[in-house]
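Structural overview
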Amino acid sequence: MNAELGESKREFVGFIRIVGQPDIQLRLMAASSGEARAIAIEQYGEGHVISVWNEEDARRPR
């Protein structure tokens, strides 16, 4: 994660699914989807379903 090297942060949205609880909506700033996922794991722990995406990237044709 090279955020300290001047990599710009973008907004990522998504959700985390923890068994037996309602889905938790996520909105966070990160340089990449990998960093966004790492932040979610840091906050909520491992072993949950995590889905994060950047809206701008999601709208681009593939």
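Please refer to the structure placed before this passage.
Residues numbered from 1 in each chain as written. Predicted model: local features only at pLDDT ≥ 70, side-chain atom pairs only at ≥ 80, totals over all residues. Heavy atoms only, no water.

For the rest of this paragraph, the subject is the overall build of the chain. From N to C terminus, the chain includes 2 helices and 3 strands. Along the chain, helices and strands appear, N-terminal first, in the series β-β-α-β-α. Along the longest, intermediate and shortest principal axes, the C-alpha atoms of the chain span 40 × 30 × 15 Å. Counting across all 62 residues of the chain, residues that qualify as buried make up 24%. By sequence separation, contacts in the chain at least 24 residues apart represent 40% of the contacts at least 6 residues apart. Entry remark: accessible area of the chain is about 4,600 Å², with carbon and sulfur atoms responsible for 49%. Of note, the chain has its 8 positive side-chain charges centred 7 Å away from the centre of its 10 negative side-chain charges. (Helix = DSSP H or I, 4+ residues; strand = E, 2+ residues; numbered from the N terminus. Buried < 20%, exposed > 50% of the residue type's maximum accessible area, 1.4 Å probe, protein only. Contact = heavy atoms within 4.5 Å. Areas by Shrake-Rupley, 256 points an atom, 1.4 Å probe, with all protein chains shown as cover. Lys, Arg positive; Asp, Glu negative; His and termini not counted. Charge placed at Lys NZ, Arg CZ, Asp CG, Glu CD.)

Structurally, the position occupied by Arg62 is in the segment after helix 2 (55–59). Distance in space between the C-alpha atoms of Arg62 and Ser32 is 18 Å, their sequence separation being 30 residues.

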